[in-house]
Amino acid sequence: MKGVTGEMTIFRGETACFTAFVTWGTSAVAYASTVVPQAVMKPSPFWSMEPNITFGQPHSRESAQSLSCLEKMPPIPFDLPTAMKKIILTLVLSIGFPALAAKPHAVFVVGTTHYNPGATMPALARDLRGFGFKTTVIKTDYNPEKNPKGLPRLEALATADVAVFYMRFLTLPEGQMKLIEDYLKSGKPVVGFRTSTHAFAYPKNHPLAKWNDGFGKDALGSKYFTHSKGSTQIKLAEGAAGHEILKGVNLAKPLTTPGTLYLASPSIDAKVLLLGTGNFPKAGKVTNQFGTHDLKKTMTDEVAWTWKNQWGGRVFTTTLGHPGSFADENFMRLYVNGIHWAAGLPVPAATKKVETVVAGMTGRAKRQNANRASNAKGKKPRGNSNDGRN
C-alpha cells in the first residue's frame, strides 16, 4: 500500500480544525491529526462535521471534497523507517488527543469572606461548567484574611487555563504566594473581582509587601484607592460598544449595582468597558492607608476593563462583585463573558442562558434561573447593600 494517505479530523465543536496529512512509506501503519508546526497545518472551522477516520485506504475525491477542512491539502511525505512511524503515531495519540479533548480549566481563588464570594464564586463556576469548563474552587471554611493557614490547594493553579481571583488583605505563607507568583509569571489569563485590587496586606518590611499594591497594579491593571457610599450606576464606556464581553448585556439604560463605587486607575493601554458613578459622603482631600485622594460629591470611574499584563497574560478586571450583582442576569453574563474572553475562548451567544444567584453579604446562596419570573425586579438579596467597608 505504498503511497497511501490517511486523513483524520480531530474533534468537533466551536473550535478550529487542524489536519495533518501523512504519507507512509512502504507500509501505511496508520495516520493521525494533531496540532503541528505552522508549515503543515491549516485551520478550518467545521462546526457540523462528524469524525471521519480512515486507516489503510485512500479517501475518494468526492469524500475529500465533502470535508471542507481537508480540501486542497496535499499529502506530506515522511521517508521514515516503519518503527519510527509507529513511534510518531504513538506520541500523537498519547499526547495530542488528550490535550485536544481536555476542557478549559478555570481555577477560582476565594481569599476573603467579604462580599460573600464563598457563595457567588461557586455559583459562577457552575455556570462555566454549563459552558464546557472544568472548574476548581479554592475556598476555606474560615476567614483566610485572619488565619495563618492561608489558602490550601493553590497547587491547582499549575493546571489552570484561567485563574479567577476574589481576594482581600491576605498575608499568605511564602510558599503559597509563590504558587500565585508562578501562575502570573507563566503569562496565563487572569480575572480579578472587586477586592482583588487590594488582595494582600503584608507588613511594610515584609519581603512580599510589594504585592500589597502590586497585585492590583501589575496583575490586574489598577491598585485600590478608596470607595463611595451607597449603590453605583453603571453605563457603557466610550468606544466599548460591540465588545464581545458585553454580548447579551443590556446597557440600553444604566444598570444599578448595590455595591459601592471603587475608584481605580487602569493602565493607559487598558480597554475600558464600563463606567460607574457613585456618591461620596464629603468632597475634598481624604487620606487613608492607600494615599490621599481628591474627592467630589459625585464621581465616575472605570469599573470593568481588559488588559495585557507585564507577563503577557490576558486580563479581565472588574471592581464590581457585590453579591447583589450576581442576582442580575446582565452582570452574571458580564462575568461569564469576561472569563471566556480572558481564556481566549468565544463568549457564549446572547441567547444562551446564564443562571443568577441570590446571596447576601454572608451566608448561603440560592440559585435561580435568570430567565424565570422568580428573577423579577424588586427581589433583593439579604444583607446590607450599603456596607461601607472596602
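Up top is the structure.
Residues numbered from 1 in each chain as written. Predicted model: local features only at pLDDT ≥ 70, side-chain atom pairs only at ≥ 80, totals over all residues. Heavy atoms only, no water.

What to know about the overall build of the protein chain
Right, so step 1: Each helix and strand counted, the protein chain has six helices and 18 strands in total.
Right, so step 2: Burial statistics for the protein chain: of 390 residues in total, 51% are counted as buried.
Right, so step 3: Contacts spanning at least 24 positions in sequence make up 70% of the contacts within the protein chain whose residues lie at least 6 apart.
Right, so step 4: Accessible surface, the protein chain: about 18400 Å² in total, of which carbon and sulfur atoms supply 55%. (Helix = DSSP H or I, 4+ residues; strand = E, 2+ residues; numbered from the N terminus. Buried < 20%, exposed > 50% of the residue type's maximum accessible area, 1.4 Å probe, protein only. Contact = heavy atoms within 4.5 Å. Areas by Shrake-Rupley, 256 points an atom, 1.4 Å probe, with all protein chains shown as cover.)

A look at the environment of Thr260
Right, so step 1: Locating Thr260 in the fold gives a position in the loop between β11 (255-257) and β12 (271-279).
Right, so step 2: Along the primary structure Thr260 and Gly276 are separated by 16 residues, whereas in three dimensions their C-alpha atoms are 9.3 Å apart.

Considering the sheet that holds strand β15 (residues 298-308)
Right, so step 1: With mixed pairing, nine strands are arranged side by side in an open sheet as β7-β6-β8-β9-β16-β15-β12-β10-β11. Strand pairing shows two members of the sheet lacking a second neighbour, β7 (134-138) and β11, which therefore form its edges. Recorded for the sheet is a direction-independent mean angle of 20 degrees between the axes of neighbouring strands.
Right, so step 2: Where β15 lies against strand β16 (residues 314-318), five bridges are found, and the strand directions are antiparallel. Within β16, the position partnered with Lys308 by the bridge is Arg314.
Right, so step 3: Sitting on the sheet, helix α3 (residues 117-130) touches β6 (105-111), β7, β8 (162-167) and β9 (190-193), and the angle it makes with β6 is about 175 degrees.
Right, so step 4: Against the sheet, helix α5 (residues 211-220) makes contact with β8, β9, β15 and β16, and its axis sits at roughly 60 degrees relative to β15, the strand it touches most. (Pairing = 2+ DSSP bridges. Axes fitted to C-alpha atoms, helices over the stretch in contact; angles between N-to-C directions.)

Thoughts on the pattern of salt bridges
For side chains bearing opposite charge, pairing can occur when the charged atoms are close.
Right, so step 1: Per the stated rule, a full pass over the model turns up five salt bridges.
Right, so step 2: Here Lys178 ties to Asp182 by a salt bridge, and the two come within 2.9 Å at their closest N and O atoms. Of this pair, Lys178 and Asp182 are both found in helix α4 (residues 174-185), four residues apart, which corresponds to roughly one turn of the helix.
Right, so step 3: Look at Asp182 and you get partly exposed, because its relative accessible area is 38%. (Salt bridge = Lys/Arg side-chain N within 4 Å of Asp/Glu carboxyl O.)

Details of the packing of α4 against α5
Right, so step 1: Interhelical geometry of α4 versus α5 gives an angle of 25 degrees and a closest axis separation of 13 Å. It follows that α4 is roughly parallel to α5 by the angle criterion. Between α4 and α5 lies a crossing of left-handed hand. Two secondary-structure elements touch here, α4 through Met177, Ile180, Glu181 and Leu184 and α5 through Trp211, Phe215 and Ala219.
Right, so step 2: Residues that form the contact of α4 with α5 fall into these classes: six nonpolar, no polar and one charged. (Parallel < 35°, antiparallel > 145°, perpendicular 65-115°, else oblique. Left-handed = near helix turned anticlockwise from the far one by under 90°. Nonpolar A, V, L, I, M, F, W, Y, C, P; charged D, E, K, R; others polar.)

Examining α4
Right, so step 1: In this model, α4 (12 residues) spans 16 Å end to end at C-alpha, consistent with the 16 Å of a helix rising 1.5 Å per residue.
Right, so step 2: Among all positions of α4, only Gln176, Met177, Ile180, Glu181, Tyr183 and Leu184 are buried. What you see down the axis of α4 is that its buried residues fit within an arc of 160 degrees, all on one side. Turned more than 90 degrees away from the buried face of α4 sit Glu174 and Gly175, all of them exposed.
Right, so step 3: Residues of α4 that are buried in the fold lie against β8, β9 and α5.
Right, so step 4: Once α4 ends, the next one or two residues include Gly187, with phi positive near 80 degrees. (Expected span 1.5 Å × (residues − 1). Arc of directions from axis to C-beta.)

Thoughts on unusual backbone geometry
Right, so step 1: Backbone geometry places Arg153, a non-glycine residue, at a positive phi of 70 degrees.
Right, so step 2: Looking at the secondary structure, you find Arg153 in the loop between β7 and β8.
Right, so step 3: The partly exposed category is assigned to Arg153, whose relative accessible area is 43%.
Right, so step 4: Here Arg194, not a glycine, exhibits a phi torsion of approximately 35 degrees, which is positive.
Right, so step 5: Here Arg194 shows up in the loop between β9 and α5.
Right, so step 6: For Arg194, a relative accessible area of 1% corresponds to the buried category.

Some thoughts on the environment of Gly248
Right, so step 1: Tracing the backbone through its elements, the reader meets Gly248 in the loop between β10 (229-236) and β11.
Right, so step 2: Relative accessible area serves as the criterion here: at 35%, Gly248 is assigned to the partly exposed category.
Right, so step 3: As a C-alpha pair, Gly248 and Arg333 span 85 residues in sequence and 7.1 Å in three-dimensional space.
Right, so step 4: Those residues in contact with Gly248 that sit more than four places away from it in its chain are Asn330, Arg333 and Ala350.

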